[in-house]
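# Remarks on the overall topology
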Amino acid sequence: MRIGELSEKSGVSRDTIRFYERNGLITSVAGQNATNNYRDYAEDNLIWLEFFTGAREAGMSVADLRSIVEAVAGSCDRDLARDIIRQKIIELKARAEQIEVVVRFLEKAVARQA
């Protein structure tokens, strides 16, 4: 499907689709007509775009999304995908704990200044 159709079906803007493609999160192939520069997008990009939309709304970075995409690239193994996402959850929880420690430190520093 072309970018307009992908945009319409996914609810994701063309610019955002291009952004994800530039960042290696989705792919397209050159269209069959050699006289234009149209790109064709596979149907599975709809699933990825839905996932990205939710992930971005939840605050995930493009780098985090890229690591998930790269880890499952070329694999249709849903169990592998789940394991990778579970590992990302563990990493994000650890990062959240580290941020909480920094926040508490800074709050104490501000309280001492008052």
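Scope of this entry: the structure provided in the associated data block. None of the values given here were measured: they were computed from a predicted structure. (Residues numbered from 1 in each chain as written. Predicted model: local features only at pLDDT ≥ 70, side-chain atom pairs only at ≥ 80, totals over all residues. Heavy atoms only, no water.)

Counting across every chain of the model gives 9 salt bridges. Measuring nitrogen to oxygen at the nearest pair gives 3.8 Å for the salt bridge that ties Arg2 to Asp40. Taken together, the residues span a long stretch of sequence, with Arg2 in the segment before α1 (3–10) and Asp40 in strand β2 (residues 39–41) at a distance of 38 residues. Residue classification places Arg2 among the partly exposed positions, given a relative accessible area of 39%. For Asp64, the salt bridge goes to Lys88, with nearest N and O atoms at 3.4 Å. Taken together, the residues span a long stretch of sequence, with Asp64 in helix α4 (residues 62–72) and Lys88 in helix α5 (residues 78–113) at a distance of 24 residues. By relative accessible area, Asp64 is classed as buried at 7%. (Salt bridge = Lys/Arg side-chain N within 4 Å of Asp/Glu carboxyl O. Helix = DSSP H or I, 4+ residues; strand = E, 2+ residues; numbered from the N terminus. Buried < 20%, exposed > 50% of the residue type's maximum accessible area, 1.4 Å probe, protein only.)

Next up on the list: the packing of aromatic side chains. Counting across every chain of the model gives 5 aromatic pairs. Here a set of aromatic residues connected by ring pairs shows up, and it is made of Phe19, Tyr20, Trp48, Phe51 and Phe52. (Phe/Tyr/Trp six-rings, centres within 6.5 Å; stacked < 30°, edge-to-face > 60°.)

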